[in-house]
Amino acid sequence: MSFTTGHIGLNVSDLDRSVGFYRKVFGFDVTGESADEARRYAFLAQDGTLVLTLWQQSEGTFAPGLPGLHHLSFQVPDIDAVRRAEAVIRETGAAIHHGGIVPHGEGASSGGVFFEDPDGIRLEIYAPSGADERPAPRSDAPTCGFF
C-alpha cells in the first residue's frame, strides 16, 4: 500500500481573511464553501485539485510549542517562482523568517521562503535548487523553529 498527501485542513480564526491571504499568495480558487455561521469552511483548489480546506473554528494564533503541525510546505518548479511568491508575501505584510529566501542547510541548493499566514501558521514555499545564493540560517541562532 502507498500513500500520498491529500488535501490539508487548517483551523483559522477568520475565514474571509484567510481565504483572501491564500488566494493572493498561492493563487488558489475557491471551489466550495459554507456560509453557515455554525460551520464555516472553504475549499481551496489549484487546477481543479483540492489543496486546502480552511475551517473557521479557532481563536487566537498558532501555538508552535504544542504538538501538531510544524509547518506546511509547498514546492514550486524553480527559485524564480519562490522569488515571485516572496514578493507577494511581502505585499501582504506577513511575517517572513530568516530575512527571505534561504537554503535548507549549509551547502544545500534547495530552499525557499518561510513565513506565517494571518493566524501564525508556519508556511514554506521552496524550490529543489537555486537557493544557495544566501547562507543558511545558523543552527545556533534563534529561529522560528523551521530548522
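Within each chain, residue numbers correspond to sequence positions counted from 1 in written order. With the structure being a predicted model, the display of local features is reserved for residues of pLDDT at least 70 and the display and counting of side-chain atom pairs for 80 or more, all residues being used for whole-chain, interface and lining totals. Where side-chain values are given, they derive from all heavy atoms of the structure, hydrogens and water being excluded.

## Here we look at helix H1 (residues 15-26)
Helical periodicity: at 3.6 residues per turn, an α-helix aligns residues three or four positions apart in one direction.
Inference 1: In a regular helix each residue adds 1.5 Å, so twelve residues correspond to 16 Å; H1 covers 16 Å between its end C-alpha atoms and thus fits that length.
Inference 2: Structurally, the start of H1 carries an N-cap: the backbone nitrogen of Asp16 is 3.2 Å from a side-chain oxygen of Asp14.
Inference 3: Put simply, DSSP H or I for four residues or longer makes a helix, DSSP E for two residues or longer makes a strand, and each gets a number counted from the N terminus. Just downstream of H1 lies Gly27, where phi reads positive at about 75 degrees. The span expected for a helix works out to 1.5 Å for each residue beyond the first. Identification of polar contacts relies on pairs of N or O atoms within 3.5 Å, with a donor-acceptor requirement for protein atoms, meaning one able to donate a hydrogen and the other able to accept it, and with residues adjacent in sequence counted only if both atoms are side-chain atoms.

## Structural notes on the nonpolar core
Inference 1: Within this scheme, the nonpolar core is defined by two criteria: the residues are buried Ala, Val, Leu, Ile, Met, Phe, Trp, Tyr or Cys, and they are joined through side-chain atoms within 4.5 Å. For the exposure calls, accessible area comes from a 1.4 Å probe over protein chains only, and a residue counts as buried if that area is under 20% of its type's maximum, exposed if over 50%, partly exposed in between. By size, the foremost hydrophobic cluster in this structure holds 32 residues, and its most contacted members are Tyr22, Phe26, Leu52, Leu54, Phe115, Leu123 and Ile125.
Inference 2: Contributing elements (two or more residues each) for this core: strand E1 (8-12), H1, strand E3 (40-46), strand E4 (49-56), strand E5 (72-75), helix H2 (79-92), strand E7 (111-116) and strand E8 (122-127).
Inference 3: The element best represented in this core is H1, accounting for six residues.
Inference 4: Not counting the four nearest positions on each side in its chain, Ile125 is found in contact with Val25, Phe26, Phe74, Val76, Val82, Ala85, Ile89, Gly111, Gly112, Val113 and Phe115. Every residue pair with non-hydrogen atoms within 4.5 Å of one another is taken to be in contact.

## Structural notes on H2
Inference 1: With 14 residues, H2 should reach 20 Å at 1.5 Å per residue; the first-to-last C-alpha distance of 20 Å fits that figure.
Inference 2: Those residues of H2 that sit buried are Ile79, Ala81, Val82, Ala85, Glu86 and Ile89. Seen along its axis, H2 keeps its buried residues to an arc of 140 degrees; they face one direction. Among the exposed residues of H2, those oriented more than 90 degrees off its buried face are Arg84 and Glu91.
Inference 3: Of the residues that open H2, the one with a side-chain oxygen 3.2 Å from the backbone nitrogen of Asp80 is Asp78.
Inference 4: A positive backbone phi angle near 80 degrees is found at Gly93, which sits one or two residues after H2. This arc is built from the directions going out from the helix axis to the C-beta atoms.

## Digging into the packing of aromatic side chains
Inference 1: Here a Phe, Tyr or Trp ring, Trp counted by its six-membered ring, pairs with any other such ring whose centre lies within 6.5 Å, and the pair is stacked when the planes are under 30 degrees apart, edge-to-face when over 60, and tilted otherwise. Summed over all chains, the structure comprises nine aromatic pairs.
Inference 2: Relative to Phe26, the ring of Tyr22 has its centre 5.8 Å away and its plane inclined at 15 degrees; by these criteria the two rings are stacked. Of this pair, Tyr22 and Phe26 both sit in helix H1, four residues apart, roughly one helical turn.
Inference 3: Both rings, one in Tyr41 and one in Trp55, keep their centres 5.0 Å apart while their planes meet at 45 degrees; by these two values the pair is tilted. With Tyr41 in strand E3 and Trp55 in strand E4, this residue pair connects regions lying 14 residues apart in the sequence.
Inference 4: Residue class for Trp55 comes out partly exposed when judged on its relative accessible area of 23%.

## Topic: the sheet that holds E5
Inference 1: Spatially, four strands are ordered E5-E8-E7-E6 in an open sheet, and the strand pairing comes out mixed. Edge strands, defined here as strands with exactly one partner in the open sheet, are E5 and strand E6 (96-103). This sheet shows a mean twist of 20 degrees between the axes of neighbouring strands, independent of strand direction.
Inference 2: Most of the contacts of H1 go to E8, to which it runs at about 10 degrees, and overall it touches E5, E7 and E8.
Inference 3: Orientation is described by axes fitted as lines to C-alpha atoms, over the contacting stretch for helices, and by angles from 0 to 180 degrees between their N-to-C directions. Along the sheet, H2 contacts E6, E7 and E8; its crossing angle with E6, the most-contacted strand, is approximately 170 degrees. Between any two strands, pairing holds if DSSP finds at least two bridges.

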